[in-house]
Amino acid sequence: MSDLPILAKDFLEYMETIRGKSKKTIQGYSYDLTLFFKYMKIKRNIVTGDMDFEEIVINDIDSYFMRTIGLSDLYSFISYAANERNNLNYARARKVACLRSFFKFLHTKAKIIDDNPALELEPPKINSRQPVYLSLEESKVLLKAVEGPYKERDYAILMLFLNCGLRLSELVGIDLDKISGDTLRVIGKGNKERTVYLNDACIKALEAYMKIRIAEEVKEKDKKALFISRLKSRISPRTIQEIVKKYIKNAGLDDNKYSPHKLRHTAATLMYKYGNVDIRALQQILGHESVATTQIYTHIDDDRLRQAARSNPLSKEQQETE
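Thresholds applied
Residues numbered from 1 in each chain as written. Predicted model: local features only at pLDDT ≥ 70, side-chain atom pairs only at ≥ 80, totals over all residues. Heavy atoms only, no water. Helix = DSSP H or I, 4+ residues; strand = E, 2+ residues; numbered from the N terminus. Buried < 20%, exposed > 50% of the residue type's maximum accessible area, 1.4 Å probe, protein only. Contact = heavy atoms within 4.5 Å. Areas by Shrake-Rupley, 256 points an atom, 1.4 Å probe, with all protein chains shown as cover. Core = buried A, V, L, I, M, F, W, Y, C linked by side-chain atoms within 4.5 Å. Axes fitted to C-alpha atoms, helices over the stretch in contact; angles between N-to-C directions. Parallel < 35°, antiparallel > 145°, perpendicular 65-115°, else oblique. Nonpolar A, V, L, I, M, F, W, Y, C, P; charged D, E, K, R; others polar. Phe/Tyr/Trp six-rings, centres within 6.5 Å; stacked < 30°, edge-to-face > 60°. Disulfide = S-S within 2.5 Å. Pairing = 2+ DSSP bridges.

Peer 1: Just give me the short version of the overall build of the protein, but keep the residues and values in it.
Peer 2: For the protein, the count of helices and strands is 14 helices and three strands. Here the protein holds 322 residues, and the buried ones make up 41% of them. For the protein, the share of sequence-separated contacts (at least 6 apart) that also reach a separation of at least 24 residues comes to 59%. Working note: accessible area of the protein is about 19000 Å², and carbon and sulfur atoms make up 48% of it.

Put into structure tokens, the structure is as follows:
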């Protein structure tokens, strides 16, 4: 971010502090803008095409340069990302989202440009993907595979993933004071806090873990953290990924197919399939900003759809014959 032009830094600070975008999103946007500016310098012959891409300086790009950029430049960049950098639809869609937000900021907030060239910039079409998830029986096998010196902690981690549909970052960030009775407050995307309700299995798993979590040994800065690593500090996302991978493998499942995020899919699928959960309620549980994101779970259960058709009160009607 230190190599970006000032107007890009201002944009990223606005997105993080005012719009509340996550650090991961900011990092992604920073990368996309860096790539865009370097591409534009090559396209405008400001630097030669054979110059080492990493050595291209972009912190001198100013408002005049930005006013010369048109819609054709933006599409040209997206084409470059696809053909030269092999970006798939999702990566290109993020670049489009970044550029649309960036030029909107330059036009409406910073008022650096008179016209917004990204207004008509369309994202690539993304085919909906069916979520990968564990079946109910596979989930039970996974939980039974937990063993070892950290079994209480690891079991509680898996329980929260499978019952609450938490994101990896949300689980890592849980503090002790965010748990009260059967409620858990987590910080989701965009730094938004939401309440998650704990069922009996989760409560019992957490109670068992808390009995062996020795607070005196935890490093001072992480005293409030719920899940602690063997180094006596807040557990890291990487460690949790390794924990999940370990037990997936122990359970005889494909450790290349499943991850913490796939356990989130599993929780959502099981709630929708067995819990008779309304799609709007599921949206709130998962912390989705748009219900469109949640709707992927409405297409995964043919049995439920079949039963819905059979439950129609007209399902037994037949045409009378003479």
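After presenting the structure, the write-up continues.
Peer 1: Tell me about the nonpolar core, and please be specific about residues and values.
Peer 2: Counting residues in each nonpolar core, the largest one holds 41 residues, and the members touching the most others are Leu142, Leu160, Leu166, Leu171, Phe227 and Ile240. For this core, the secondary structure elements donating two or more residues are helix H6 (136-144), helix H7 (151-164), helix H8 (168-172), strand E2 (183-187), helix H9 (200-212) and helix H10 (237-250). Examining the composition of this core, we find that eight residues originate from one element, H7, more than from any other. Leaving out residues up to four positions away in the same chain, leucine 171 has contacts with Ile157, Leu160, Phe161, Leu166, Phe227 and Ile240. Within the second largest apolar cluster, 38 residues are counted, among which are Tyr14, Phe65, Cys98 and Phe105.

Peer 1: Give me the packing of H7 against H10: which residues, what numbers.
Peer 2: As a packed pair, H7 and H10 sit with axes 11 Å apart at the nearest point and diverge in direction by 90°. Comparing the axis directions of H7 and H10 gives the class roughly perpendicular. On the side of H7, the interface is formed by Arg153, Asp154, Ile157, Leu158 and Phe161, while H10 contributes Ile240, Ile243, Val244 and Tyr247. Here the contact of H7 with H10 is built from residues that sort into seven nonpolar, no polar and two charged.

Peer 1: Let's hear about the packing of aromatic side chains: which residues, and what values?
Peer 2: Throughout the structure, instances matching the rule amount to 13 aromatic pairs. With centroids separated by 6.3 Å and ring planes inclined at 15°, the aromatic side chains of phenylalanine 11 and tyrosine 29 adopt a geometry described as stacked. One end of the pair, phenylalanine 11, is in helix H1 (residues 6-17); the other, tyrosine 29, is in helix H2 (residues 23-43), with 18 residues separating them in the sequence. Residues phenylalanine 11 and tyrosine 29 agree in their burial class; the two are buried.

Peer 1: Quick rundown of the state of the cysteines? Include the residues and the values.
Peer 2: The final tally for this structure, using the stated rule, is zero disulfides. In this structure cysteine 164 is a free cysteine whose sulfur lies 4.0 Å from that of cysteine 202, the closest cysteine sulfur available. You can call cysteine 164 buried: its relative accessible area is 2%.

Peer 1: Kindly report on the pairing of strand E3 (residues 193-197), identifying the contributing residues and their values.
Peer 2: Going residue by residue along E3, you find Arg194 and Val196 tucked away on one face and Glu193, Thr195 and Tyr197 left uncovered on the opposite face. As paired strands, E2 and E3 are joined by five bridges and run antiparallel to one another. Across the sheet, residue valine 186 finds its bridge partner in E3, namely arginine 194. Taking the residues between adjacent antiparallel strands as the criterion, E2 and E3 are bridged by five residues, where glycine 190 takes a positive phi near 70°.

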